[in-house]
Amino acid sequence: MDIEVFMRTTPPLPLPVKRALAKLGEDIRTARLRRRIPMTLMAERAFITRTTFGKVEKGDPGVSLGIYATVLFILGMTSRLGELADVRSDTLGLQLEEENLPKRIRYRAHTSQEVK
């Protein structure tokens, strides 16, 4: 008896990630519509197919980050892309770093042999 093992091509996404991508897609669609840019023209400007652009507007996780970045560039929204993982906004990372600060700093007097 042969048992076939089916492997997923992509790992399952956490629900908050799915929601964030869906919102990104909706926001891109709204921005495009406000600018009165047809889907076909957006796809041409991004050097992608209309089908791929449709996936972008649906928040498809299989679309590369580079394509999302290009679409945001076309819409004039690239500046916000650089702020996504800004270290100044990383509150958890800053808290962890603060916890690892030394409790005290010891002053070490120099001996005459070290000062040369």
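As a reminder, the structure under discussion sits directly above these lines.
Below you will find a few notes about this structure. (Residues numbered from 1 in each chain as written. Predicted model: local features only at pLDDT ≥ 70, side-chain atom pairs only at ≥ 80, totals over all residues. Heavy atoms only, no water.)

### Some remarks on the overall build of the protein chain
Secondary structure summary: the protein chain contains six helices and zero strands in total. Reading the protein chain from its N end, one meets helices and strands in the order α-α-α-α-α-α. The proportion of buried residues among the 116 residues of the protein chain is 22%. In the protein chain, of all internal contacts separated by at least 6 residues, the share reaching a separation of at least 24 is 49%. Element-wise, carbon and sulfur atoms account for 57% of the exposed surface of the protein chain, whose accessible area totals about 10200 Å². (Helix = DSSP H or I, 4+ residues; strand = E, 2+ residues; numbered from the N terminus. Buried < 20%, exposed > 50% of the residue type's maximum accessible area, 1.4 Å probe, protein only. Contact = heavy atoms within 4.5 Å. Areas by Shrake-Rupley, 256 points an atom, 1.4 Å probe, with all protein chains shown as cover.)

### Comments concerning the nonpolar core
With 17 residues, the main nonpolar core has Ile28, Phe53, Val56, Val71 and Leu75 as its most contacted residues. Those elements that provide at least two residues to this core are helix H1 (15-34), helix H2 (39-45), helix H3 (50-58) and helix H4 (65-74). Considering each element in turn, this core owes the most residues, four residues, to H4. Not counting residues up to four positions away in its chain, the partners in contact with Ile28 are Phe53, Val56, Glu57, Tyr68, Val71, Leu72 and Leu75. (Core = buried A, V, L, I, M, F, W, Y, C linked by side-chain atoms within 4.5 Å.)

### Topic: unusual backbone geometry
Backbone geometry places Arg36, a non-glycine residue, at a positive phi of 60°. Within the secondary structure layout, Arg36 lies in the loop between H1 and H2. The exposure class of Arg36 is exposed, given its relative accessible area of 70%. Despite not being glycine, Phe47 has its phi angle at roughly 60°, a positive value. By relative accessible area, Phe47 is classed as exposed at 78%.

### Concerning the environment of Leu94
Within the secondary structure layout, Leu94 lies in helix H6 (residues 91-99). When neighbours within four sequence positions are excluded, Leu94 is seen to be in contact with Val87 and Arg88.

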